[in-house]
Amino acid sequence: GKEISDALLKMPLVATIEQQAGRAERGEDTWGPNQCEFHVELKHPPEYPPIPAKDEAQVAQDIDAALKKIPGINYEIKTFLGDRIGETIGGETQPVVINIFGDDLDELDNKANEIVAVLTDLGSDDAAVSAPPGSPIIDVKLRGERLTELGFRPVEVLEAVQSAYEGTVVAQTYDAGVVSDVAVILDEASRRNPADVGALLLRNPAGLLVPLHELADVNLTSGRYDIAHNGARRLQTVTCSPPGGHDVASFVAEAQAQIAAKVKLPKGVYLEYAGEAQAAAAARNELMLHVGIALIGILMLLYIVLGNWRNLSLVLVNLPFALVGGVFAAYLTSTLAEPDASQTQLHALYEVMLKLQTMLHAGGLSGLSMGSWVGFVTLFGITTRNTIMLLSHYEHLVSVEGQPWNAATVIRGASERLNPILMTALVTALGLLPLAMGSGEAGREIEGPMAVVILGGLITSTALNLLVMPTLAGLWFKPRVKE
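Since we're looking at a predicted model, the values are computed, not measured.

Caption draft 1: Examining empty space enclosed by the protein more closely. In total, this model carries 1 cavity of 30 Å³ or more according to the counting rule given. The computed volume of the largest cavity comes to approximately 60 Å³. Mapped by element, the contributors of at least two residues to the lining of the largest cavity are helix H4 (105-121) and strand S12 (233-240). Ranked by residue count, the leading element in the lining of the largest cavity is H4, at 3 residues. Here the lining of the largest cavity is built from residues that sort into 6 nonpolar, 1 polar and 3 charged.

What follows is the structure in structure tokens.
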């Protein structure tokens, strides 16, 4: 820990670092004492705005390079929010989590190691088993005949060992109203050497002092610091993060195919994929179900208000206008945040269009974040309102003011609704612009993509709503005339 801290503090963007080592008696983290956390705080710019996303990415790369120089360690680099979200979603901090269920622990370990090898071949450099065997332990097995011969009771021996090496609370003390426990334990020097455990002196009721190795077999061996269970089944977990340039969803899909082909699971052993990709897919499916139910109700209400299917279809035509801008904005911010400076603008635009076409044909929308999907739902509501605002004004001109339904009425209605529609879009855009500009910063993992999608969709839907929609309305809209 000292070596890692010294290396990280030499980095120009690192302000402070603290190490959380060991495990508290009632702590929230249940890992063994062989694991720890480092909390790294970055330096803010002089004017104290949010730390730029490029600085965070650079620090993460520098930390990764520094940790790779230290042999024999497994590590993860996460933001605070990302760490908490990962633990909530899959119980682990890594974005890819593979749970292996079965009854035989050794068999689970073997299959977990095979899966780690497959993930490593796919490019992941941090694939690891969450609770590997081989943790050093001291095994104390009591010999019943010697206990009886020397007058010891088994529970007394075990309690003495526990008191010596773990400590036992024997009393309480009061100081200025503060209650503190008093515990007895061997001094630190006597607890340092595992070989001295057998030399622990125990006293029987007759006062005879006998070393522990006379009453038990004391051996240094290996074991497990954690045996996980889920659903009454034993569990072993493999975690990793996708290699650079791969999104979580595509990496998990590729890993599933490779694991199914290369890892043969015996009877009674099965896999369960968890982590960000599965949680996002479940949330996306739930969102689509709720949106579908709400859409049916909205369509029924719009049909009642608009009077016929022709007018309703005009409202729905504006949704693809918004979809185009939202998808394009989401793709630009997710894959081309750092464009290649050597490319010309025309070549860069061609690359964008080519990659966007490939993404859409491959069903790449499934890789969008949950914030982006929420942004699409919000965007559709805004664009639908603008269309209804335009069509309702057309109906007002015809049914209330008695205007004939012709090209002049279409142009007049569009010009009179120009200011309200532009102001609605402009106010929404200005409110979301700060979130969109800081989309890559820590703490904006949800709101950032949502704002980007809404802004991109507003640009295309507003432009097309004012330029294309009047033309379509002149050809297709059927205003109702009051008799």
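Caption draft 2: Structural context of the nonpolar core. Ile98, Ile100, Ile115, Leu119, Val238 and Ile259 are the most contacted members of the largest nonpolar core, which has 24 residues in total. Listing elements by their share of this core, those giving two or more residues are strand S3 (96-102), H4, S12 and helix H7 (248-262). Examining the composition of this core, we find that 7 residues originate from one element, H4, more than from any other. In contact with Val238, other than residues within four places in its own chain, are Val96, Val97, Ile98, Ile100, Ala112, Ile115, Val116, Leu119 and Ala128. With 18 residues, the next largest nonpolar core counts Ala322, Leu379, Val453 and Ile454 among its residues.

Caption draft 3: Geometry of the side chain of Thr383. Tracing the chain through its elements places Thr383 in helix H11 (residues 370-399). A relative accessible area of 0% means that Thr383 is categorised as buried. Residues contacting Thr383, with those up to four places away along its chain left out, are Asn318, Leu319, Ala322, Ser461 and Asn465.

Caption draft 4: Expanded view of the pairing of strand S6 (residues 168-175). S6 sits mainly on the outside: 0 of its 8 residues count as buried. As defined by bridge partners, S6 adjoins strand S7 (residues 178-184) across 7 bridges and the pair is classed as antiparallel. Among the inter-strand pairings, Thr173 is bridged to a residue of S7, identified as Ser180. Hairpin connection between S6 and S7: a loop of 2 residues separates the two successive antiparallel strands, and Ala176 in this loop has a positive phi of roughly 55 degrees.

Caption draft 5: Expanded view of a nonpolar patch on the surface. A contiguous nonpolar surface patch, about 630 Å² in accessible area, is contributed by Met423, Leu426, Val427, Leu430, Leu433 and Met437. With respect to the element layout, Met423 can be found in helix H13 (residues 418-437).

Caption draft 6: How the structure looks around H13. The end-to-end C-alpha separation of H13 is 27 Å, in line with the 28 Å expected for 20 residues at 1.5 Å each. The largest bend in H13 amounts to roughly 35 degrees and is located at Gly431, with the proline Pro434 lying one to four residues further along. The complete set of buried residues in H13 reads Ile421, Ala425, Ala429, Leu432 and Ala436.

Caption draft 7: Representation of the layout of surface pockets in the model. In this structure, the second largest pocket occupies an estimated 320 Å³ of space. Looking at the second largest pocket, the residues that line it are Val291, Ala294, Leu295, Ile298, Leu302, Val315, Leu316, Leu319, Val377, Phe380, Gly381 and Thr384. Those elements that place two or more of their residues in the lining of the second largest pocket are helix H8 (276-306), helix H9 (309-335) and H11. For the lining of the second largest pocket, the element with the most residues is H8, which contributes 5 residues. Taken together, the residues that form the lining of the second largest pocket break down as 10 nonpolar, 2 polar and no charged.

Calculation notes
- Residues numbered from 1 in each chain as written.
- Predicted model: local features only at pLDDT ≥ 70, side-chain atom pairs only at ≥ 80, totals over all residues.
- Heavy atoms only, no water.
- 1 Å grid on protein atoms, 1.4 Å probe; cavity = no way out; pocket = protein on both sides within 12 Å on 5 of 7 lines; lining within 4 Å.
- Points joined across faces, edges and corners; volume = space filled by probe spheres on them.
- Helix = DSSP H or I, 4+ residues; strand = E, 2+ residues; numbered from the N terminus.
- Nonpolar A, V, L, I, M, F, W, Y, C, P; charged D, E, K, R; others polar.
- Core = buried A, V, L, I, M, F, W, Y, C linked by side-chain atoms within 4.5 Å.
- Buried < 20%, exposed > 50% of the residue type's maximum accessible area, 1.4 Å probe, protein only.
- Contact = heavy atoms within 4.5 Å.
- Pairing = 2+ DSSP bridges.
- Patch = residues over 30% accessible without salt bridge, like charges linked within 9 Å, V, L, I, M, F, W, Y side chains within 5 Å.
- Areas by Shrake-Rupley, 256 points an atom, 1.4 Å probe, with all protein chains shown as cover.
- Salt bridge = Lys/Arg side-chain N within 4 Å of Asp/Glu carboxyl O.
- Expected span 1.5 Å × (residues − 1).
- Bend = angle between axes of the 7 residues up to and from the residue.

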